[in-house]
Amino acid sequence: MNRVQTEMADERRAWFRIDDNVRLVYRTRSADEIVDIRGRMAGGQYHPFGVRGEIAFLNAEISRLRSGLGGCDPGLLKLLDAMNTKLDALFTLIGKEQGSGDLSGSVTEVNIGAGGLAFSVDVSPGEARYLEMLIYLEPGNATVTALAEIVSCEETGKGYRLSANFIEISDADRDVLVKHVLRKQANRLLERRRPSAT
């Protein structure tokens, strides 16, 4: 491969994967659990992280939609805010009943694209080969759910670098992810092309 082809391949790879900060929630799953989850997904009965995951997803969606309604009727906005407060109360109650487990996600540096992601972890997943994931993308608080297969986990000296390929992700979630990556990449390319103000 000559220099131009190498640069084009590097640019193509850079376009489809970005380094980003996302809020990430994940848990390891066994092969048997993945088979069960895939069956429930096919039947439309799958909610990542159970009901708590569904509520977290709905809460993020309400916040996203609410932010775009600035010019609406104030009464409608108050109603939506009250419903969101009620949803938060239910989320808290269900969280207490199902045990602790924050689904708001911690901000994590990732390398992400439509096919998978890589991120640092403190503890090796051991023999686990699969992940169940909630990924919150900023700006806009879009939520992506996916099942992923761990393809590598390398020691870094500060922990581990885990790479995983998505094995189940809805078309809608993949579209959200692709649009997010392309928008972020386009913004970064524009920033690089702007002359510096020195």
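For the structure itself, consult the block above.
Residues numbered from 1 in each chain as written. Predicted model: local features only at pLDDT ≥ 70, side-chain atom pairs only at ≥ 80, totals over all residues. Heavy atoms only, no water.

Chemist: Any chance you could explain the nonpolar core here in plain terms?
Modeler: Looking at soluble globular proteins, one finds that nonpolar side chains tend to be buried together. In this structure, L24, L117, F119, L131, M133, I135 and F166 are the most contacted members of the largest nonpolar core, which totals 23 residues. Listed by contribution, the elements that provide at least two residues to this core are β1 (17–29), β2 (106–113), β3 (116–121), β4 (130–137), β5 (142–155), β6 (160–168) and α5 (171–193). With five residues, β5 is the single largest residue contributor to this core. (Core = buried A, V, L, I, M, F, W, Y, C linked by side-chain atoms within 4.5 Å. Buried < 20%, exposed > 50% of the residue type's maximum accessible area, 1.4 Å probe, protein only. Helix = DSSP H or I, 4+ residues; strand = E, 2+ residues; numbered from the N terminus.)

Chemist: In this structure, what is going on with the pattern of salt bridges? I would like to understand it.
Modeler: Here the idea is simple: oppositely charged side chains can pair when their charged atoms come close. This structure, assessed with the given rule, holds eight salt bridges. Note that E132 is salt-bridged to R27, the shortest N-O span being 2.7 Å. A residue pair is termed long-range when its members are at least 10 positions apart, and E132 in strand β4 and R27 in strand β1 qualify at 105 residues. Overall, the relative accessible area of 28% leaves R27 in the partly exposed class. (Salt bridge = Lys/Arg side-chain N within 4 Å of Asp/Glu carboxyl O.)

Chemist: Can you help me understand a nonpolar patch on the surface in this one?
Modeler: Residues L76, L79 and M83 make up a contiguous nonpolar surface patch of roughly 270 Å² in combined accessible area. Residue placement: L76 occurs in helix α4 (residues 74–97). With a relative accessible area of 36%, L76 lands in the partly exposed category. (Patch = residues over 30% accessible without salt bridge, like charges linked within 9 Å, V, L, I, M, F, W, Y side chains within 5 Å. Areas by Shrake-Rupley, 256 points an atom, 1.4 Å probe, with all protein chains shown as cover.)

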